[in-house]
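So the chains spell out like this:
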Amino acid sequence: MRPVIDIKDARKTALYILDRLQQKQSTLNAIMADANRILSAMTSRDRALTQTIVYGVLRWQRRLDAYITHFSKINLKRIDPIVLNLLRIGMFQILYLDRVPNFAAVNTTVQMAKAHAPTWVVKYVNGLLREAVRKHADLSLPVDSSDPIKTLCIQKSFPTWLIQRWLDRFGEKETLSLCDAINKIPEMTLRVNPLKNSRQQVLKFLQAEADSVFMTPYSPLGLQISGLHRAVDQMPSFKEGAFQVQDEAAQLVTRVLDPKPGETILDACAGLGGKTSHIAQAVENQGHIVAADRSSKKLHLLQQEMKRLDIHCVKTQTIDWNRADPKKNLPKFDRILVDAPCSGIGVMRRNPDIKWQIGKSNLDRYGQHQIAILSNTAPFVKPKGVVIYSVCSFEPEENEFVINGFLKNHSEFAKEDIGPYDPDEIVNLGCENGFVRTFPHHHAMDGFFIARLKKIR
C-alpha cells in the first residue's frame, strides 16, 4: 500500500512526497507543485512541518542513512523503500528537530509503519528508533582514515562523485565551504515588479508580512525576506502582482541580456516565465517577446502569471529546441535568451533532491542538449544580435564546454565581454574569462553561469 497525501497529517504528507520522489515519478519541484493545493489547505504549522521534513530528509539523506546503518541489523539495500523513508523521517526528527519530542518522533513513525508493513517490520522500526534516541547523542559519525572522501561525504551528506570532483577542482577548504552553503536553508528572494511598484514600496508592504526584509546587493529589484507570517500566495501584494519569487542570481540574467524597449526578444526555454516577465518589465511592456517551451502546460501557467503581473507584450509558442525545425515560422530576434535545461547543481540548496538524482553522465548529456538548443536558436538571431546562455549550474560540462562546443561550429558568433554592457554590481562579482559565475558560498545566492554571445556576421 503506497502512502497517500493527508491534509490532517504533516508526516504522512511528507512520506507521500518522499515516496513519489523515490519512485522517480517527477522532480521535487513538480511534486510539491502538484501537492500545493493540499499543502495550502493545511494549517501554517503543519505545512511548515511537512516542508521541513521533506527538505531536511533530502538534504541530510546520506548522514541519516549512516545513522540508520549503525543501528540496523538489516542492510540498507534490503529495506523496503517506504520503510527506509519512514526511518529517515523518524531519524531526522530525532537528530534535527529540537521542538519535536523524541517520543513523538518515534510514536508517529511507528503508527505510519503499521499502515505499510507487517508486524515484525513495525517492531524493527520501533526498536531502531528507540535505540537511536538512547544512544545517538554519544555516537560520532564514522571517520575512516583510509577513506577520507567517504567520511566527508557522510558528514556533509553528498554523493561521492560530486565531492571528488569538487575536491579536484576547488580543493578541500573551498569544497567544505561550498557544501556548508548548499546545506544551509536559504532565505526567500523576491523580484519587484517595477510596472506596478518601486522596490522601496514593496519593501514597506512586506515588512508587515515577515520578520525581516532587506534589499539585495547585486540586483536593483531584489528583496530578501525571512520569517514569513503566511504563505506567499496568500499575501495581498503577491495577488496584486507586486513581485515574483526569484533568486538573486537568476535576476542577473536579464541584466546581462540588457533588453531595450521596442526590441523583438525570444525566451527560448521560458518554463514558468520568471525571466520572461523580467524581460517584459525591463522593456517597460514595449516590445515583442516570444516565450517558447516544449511544455504547453508550463506555457499555460506562464500566461496566467503574465496576467497577474499586468504584462501584455508576451506571446507563447510550444517548441522543443532539441527537435527544432529551423524553418519554423519565427521572426528574427534582436536578443535571444537560452536559459537552458540543466542539472540544477547550482540550486541544490533549494532543491536537495538533485543531490541524489544527478550523476556525472547527466552532465555530459545535458551539455550535448545545451549545444543543440544554442545551435537550433542561432538561425533566428538578427545580424549583430545577442544570445545569452545561462544555466543554474557551475559545472564545466554545462558552462564553458558548451560555449566552446557551440562556437567551434558557429563562427558567425563570438563571445562578448560582459563588462562594457552591464552594471558595476555584476562586474564586481568577478567575470572570469568574460563569463558571470555565482556560487552559494561566495555570493549567498544560487550557482549560475551566464555567457553573452554576439552574431558578428
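Higher on the page you've got the structure.
From a predicted model like this one, the values you see are computed outputs, not experimental measurements.

Parameters at a glance
Residues numbered from 1 in each chain as written. Predicted model: local features only at pLDDT ≥ 70, side-chain atom pairs only at ≥ 80, totals over all residues. Heavy atoms only, no water. Helix = DSSP H or I, 4+ residues; strand = E, 2+ residues; numbered from the N terminus. Rg over C-alpha atoms; globule rule 2.2 N^0.38 Å. Buried < 20%, exposed > 50% of the residue type's maximum accessible area, 1.4 Å probe, protein only. Contact = heavy atoms within 4.5 Å. Areas by Shrake-Rupley, 256 points an atom, 1.4 Å probe, with all protein chains shown as cover. Lys, Arg positive; Asp, Glu negative; His and termini not counted. Charge placed at Lys NZ, Arg CZ, Asp CG, Glu CD. Phe/Tyr/Trp six-rings, centres within 6.5 Å; stacked < 30°, edge-to-face > 60°. Polar contact = N/O pair within 3.5 Å; in protein donor to acceptor, adjacent residues only side chain to side chain. Core = buried A, V, L, I, M, F, W, Y, C linked by side-chain atoms within 4.5 Å. Salt bridge = Lys/Arg side-chain N within 4 Å of Asp/Glu carboxyl O. Pairing = 2+ DSSP bridges. Right-handed = clockwise from strand over helix to strand, strands pointing away. Axes fitted to C-alpha atoms, helices over the stretch in contact; angles between N-to-C directions. Parallel < 35°, antiparallel > 145°, perpendicular 65-115°, else oblique. Left-handed = near helix turned anticlockwise from the far one by under 90°. Nonpolar A, V, L, I, M, F, W, Y, C, P; charged D, E, K, R; others polar. Expected span 1.5 Å × (residues − 1).

Enquirer: I'd like a description of the overall build of the protein, backed by residues and values.
Expert: Scanning the protein from terminus to terminus reveals 21 helices and 12 strands. Computed over the C-alpha atoms, the radius of gyration of the protein is 23 Å, within 12% of the 23 Å expected from 2.2 N^0.38 for a compact globule of 457 residues. The dimensions of the protein, computed from C-alpha atoms along their principal axes, are 70 × 50 × 40 Å. Per-residue burial over the protein gives 55% buried out of 457 residues. In the protein, 71% of the contacts between residues at least 6 apart in sequence involve partners at least 24 apart. Counting only carbon and sulfur atoms, one obtains 50% of the accessible surface of the protein, whose full area is about 20600 Å². Charged side chains in the protein number 62 positive and 48 negative. The centres of these two groups are separated by 5 Å.

Enquirer: Could you give an account of the packing of aromatic side chains, with specific residues and numbers?
Expert: What the rule picks out here adds up to 11 aromatic pairs. Each ring, one from Trp166 and one from Phe394, has its centre 6.0 Å from the other, and the planes form 45°; the classification is tilted. Highlighted residues: Trp166 in helix α10 (residues 160-170) and Phe394 in the loop between β9 (381-391) and α19 (400-409), separated in sequence by 228 residues. As far as the burial class goes, Trp166 and Phe394 line up, both buried. For the ring pair Trp321 and Phe380, a centre distance of 6.0 Å and an interplane angle of 65° mean the geometry is edge-to-face. Within this pair, whereas Trp321 is found in the loop between β7 (314-318) and β8 (333-339), its partner Phe380 is found in the loop between α18 (360-377) and β9, the two being separated by 59 residues in sequence.

Enquirer: Report on unusual backbone geometry, specifying residues and quantitative values.
Expert: The backbone of Asn285 shows a phi angle near 65°, a positive value even though the residue is not glycine. Look at Asn285 and you get partly exposed, because its relative accessible area is 22%. A positive phi angle, near 55°, is found at Ala444, a position not held by glycine. A residue is classified by how much of its surface remains accessible, and Ala444, at 52% relative accessible area, is exposed.

Enquirer: Can you break down the side chain of Thr109 residue by residue, with the values?
Expert: Relative to the helices and strands, Thr109 is located in helix α7 (residues 102-114). The buried category is assigned to Thr109, whose relative accessible area is 0%. Here Ala105 takes part through its backbone oxygen, which lies 2.7 Å from a polar atom of the side chain of Thr109. Not counting chain neighbours up to four residues away, the residues in contact with Thr109 comprise Leu86, Gly90, Gln93, Val125 and Leu129.

Enquirer: I'd like a description of the nonpolar core, backed by residues and values.
Expert: With 78 residues, the main nonpolar core has Trp166, Val314, Trp321, Ile336, Val338 and Tyr389 as its most contacted residues. Look past the residues within four positions of Trp166 in its chain and what remains in contact with it is Phe158, Gly171, Thr175, Leu178, Cys179, Ile182, Ile345, Met348, Phe394 and Glu395. If you look at the next biggest cluster of nonpolar residues, it comprises 50 residues, including Ala14, Met42, Tyr55 and Val122.

Enquirer: Explain the pattern of salt bridges to me, and be specific about the residues and the numbers.
Expert: For the structure on display, the rule yields 23 salt bridges. Here Arg349 ties to Asp446 by a salt bridge, and the two come within 2.8 Å at their closest N and O atoms. Taken as a pair, Arg349 in the loop between β8 and α17 (354-357) and Asp446 in the loop between α21 (440-443) and β12 (448-455) lie far apart in primary sequence, 97 residues in all. Asp446 shares its class with Arg349; the two are buried. With its nearest N and O atoms 3.2 Å apart, the salt bridge here joins Arg437 to Glu400. Of this pair, Arg437 sits in strand β11 (residues 436-438) while Glu400 sits in helix α19; the two residues are 37 residues apart in sequence, bridging distant segments of the chain. Accessibility expressed as a relative area gives 8% for Arg437, which makes it buried. Several salt bridges converge on common partners, so that one network encompasses Arg165, Arg169, Lys360, Asp364, Glu395 and Glu397.

Enquirer: Could you give an account of the pairing of strand β6 (residues 288-293), naming the residues involved and the relevant values?
Expert: The buried fraction of β6 amounts to 5 of the 6 residues, a majority that puts the element mostly inside the structure. One ladder, built from 4 bridges, connects strand β5 (residues 264-267) with β6; its direction is parallel. Counterpart to Thr264 in the pairing with β6 is His288. Regarding the hand of the β-α-β motif, the stretch spanning β5, helix α15 (residues 274-282) and β6 is right-handed. Two strands pair when backbone bridges link them, and β6 and β7 are joined in this way by 5 bridges, in the parallel orientation. Note on β7: the bridge partner recorded for Ala292 is Gln317. Traced from β6 through helix α16 (residues 296-308) to β7, the parallel crossover comes out right-handed.

Enquirer: Now, about the packing of α10 against helix α11 (residues 172-183): what can you tell me, with residues and values included?
Expert: Two numbers describe how α10 lies on α11: the axes approach to 7 Å, and their chain directions differ by 130°. In this view, α10 runs oblique relative to α11, as classed from their interaxial angle. The two elements α10 and α11 meet at a crossing, and its hand is right-handed. The segment α10 lies against α11, with Ile163, Trp166, Leu167 and Phe170 engaging Glu172, Glu174, Thr175, Leu178, Cys179 and Ile182. When the residues that make up the contact of α10 with α11 are grouped by side-chain class, the tally is 7 nonpolar, 1 polar and 2 charged.

Enquirer: Account for the sheet that holds strand β3 (residues 222-228), naming residues and giving values.
Expert: Read from one edge to the other, the open sheet built from 4 strands follows the order β2-β3-β1-β4, with strand pairing classed as antiparallel. Each edge of the open sheet carries a strand with a single partner, namely β2 (210-215) and β4 (243-245). With direction set aside, neighbouring strand axes in the sheet form an average angle of 30°. Strand direction decides the pairing type here: strand β1 (residues 188-192) and β4, joined by 3 bridges, are antiparallel. Directly across from Leu190, in β4, lies its bridge partner Val245.

Enquirer: Run through α18, naming residues and quoting values.
Expert: For α18, with 18 residues, the first-to-last C-alpha span of 27 Å sits near the 26 Å given by 1.5 Å per residue. Turning to α18, its buried residues number three or more, namely Asn362, Leu363, Tyr366, Gly367, Gln370, Ile373, Leu374, Asn376 and Thr377. Contact partners of the buried residues in α18: α10, β8, α17, β9 and α19.

These values are about where atoms sit, not about what they do.
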